[in-house]
Amino acid sequence: MQITTKIKLPEGELTNYLTEQEVRYGEIYRTAYRMMISEDYEERFKGANDLRKWLSHEFEITNRLANTIVREIAGRLRALKEHKKHLLRILEREIYQLDQRIAKLERSVARLKDKARN
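Residues numbered from 1 in each chain as written. Predicted model: local features only at pLDDT ≥ 70, side-chain atom pairs only at ≥ 80, totals over all residues. Heavy atoms only, no water.

Glancing now at the overall build of the protein. In terms of regular secondary structure, the protein is built from four helices and zero strands. Starting at the N terminus and ending at the C terminus, the protein contains elements arranged as α-α-α-α. What you see for the protein is a C-alpha radius of gyration of 28 Å, clearly larger than the 13 Å of a compact globule of 118 residues, by over 25%. Overall, the protein is about 90 × 50 × 30 Å in size when its C-alpha atoms are taken along their principal axes. The 118 residues of the protein split such that 16% are buried. Sequence-distant contacts in the protein: of pairs separated by 6 or more residues, those separated by 24 or more amount to 48%. Just so you have it, the protein exposes about 10,700 Å², and 53% of that area is on carbon and sulfur atoms. (Helix = DSSP H or I, 4+ residues; strand = E, 2+ residues; numbered from the N terminus. Rg over C-alpha atoms; globule rule 2.2 N^0.38 Å. Buried < 20%, exposed > 50% of the residue type's maximum accessible area, 1.4 Å probe, protein only. Contact = heavy atoms within 4.5 Å. Areas by Shrake-Rupley, 256 points an atom, 1.4 Å probe, with all protein chains shown as cover.)

Have a look at this one:
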């Protein structure tokens with residue numbers, strides 16, 4: 001048996017705090033994302049550990065939160081990369097099929113030209 005409890009928090013100190021933290025997390029996340037996709041990422045940071053240390057120092061957050069942010073962004077970037085590879089394979093297959101179709105049409109045109117001459 002599964003029970004779901006729904007709680008509606010009143011507007012006040014707790015909801016304001018959560019909203020503020022959500023905004024702050026978004027800022028940290030966007031900053032880390034921009035750094036990880038920047039061209040000079042590998043020059044500025046030796047690896048993910050350096051970025052984690054920088055985030056925890058710069059934004060005064062725990063190493064655990066910085067680690068979570070970096071890992072989540074790295075996972076999303078890997079997923080995007082795999083998606084692009086998949087799209088590339090699909091496009092290559094479509095190009096191959098179109099090349100085959102063009103070759104078949106060229107042969108048909110050549111045969112029709114021969115018939116028209118005769």
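The rest of the description comes next.
The periodicity of an α-helix, 3.6 residues per turn, causes residues three or four places apart in sequence to face the same way. Along helix H3 (residues 48–58), the residues that are buried comprise Leu51, Arg52, Leu55 and Ser56. Within H3, the buried residues cover an arc of 130° as seen down the axis, which keeps them to one side. The exposed residues of H3 that point more than 90 degrees off its buried face are Lys53 and His57. Those residues of H3 hidden inside the fold are in contact with helix H1 (13–37), helix H2 (41–44) and helix H4 (63–117). Glu60 lies just past H3 and shows a positive phi near 55°. (Arc of directions from axis to C-beta.)

How two aromatic rings sit relative to each other is given by the distance of their centres and the angle of their planes. By the definition in use, this model includes four aromatic pairs. Judged by centre distance (5.9 Å) and plane angle (45°), the ring pair of Tyr41 and Phe45 falls under tilted. On the accessibility criterion, Tyr41 (15% relative accessible area) is buried. A relative accessible area of 6% means that Phe45 is categorised as buried. Both rings, one in Phe45 and one in Trp54, keep their centres 6.1 Å apart while their planes meet at 65°; by these two values the pair is edge-to-face. Overall, Trp54 belongs to the partly exposed group, its relative accessible area being 24%. One aromatic cluster is present, built from ring pairs that chain together Tyr41, Phe45, Trp54 and Phe59. (Phe/Tyr/Trp six-rings, centres within 6.5 Å; stacked < 30°, edge-to-face > 60°.)

So, about the packing of H1 against H4. Contact pair H1 / H4: the axes reach a minimum separation of 10 Å and the direction vectors enclose 50°. It follows from the interaxial angle that H1 and H4 lie oblique. For the pair H1 and H4, the crossing hand works out as right-handed. Within the contact between the two elements, H1 uses Tyr25, Ile28, Tyr29, Ala32, Tyr33, Met36 and Ile37 and H4 uses Leu65, Ile69, Val70, Glu72, Ile73, Ala74, Arg76, Leu77 and Leu80. By residue class, the composition of the contact of H1 with H4 is 14 nonpolar, no polar and two charged. (Axes fitted to C-alpha atoms, helices over the stretch in contact; angles between N-to-C directions. Parallel < 35°, antiparallel > 145°, perpendicular 65-115°, else oblique. Left-handed = near helix turned anticlockwise from the far one by under 90°. Nonpolar A, V, L, I, M, F, W, Y, C, P; charged D, E, K, R; others polar.)

In short, geometric facts, not functional conclusions.
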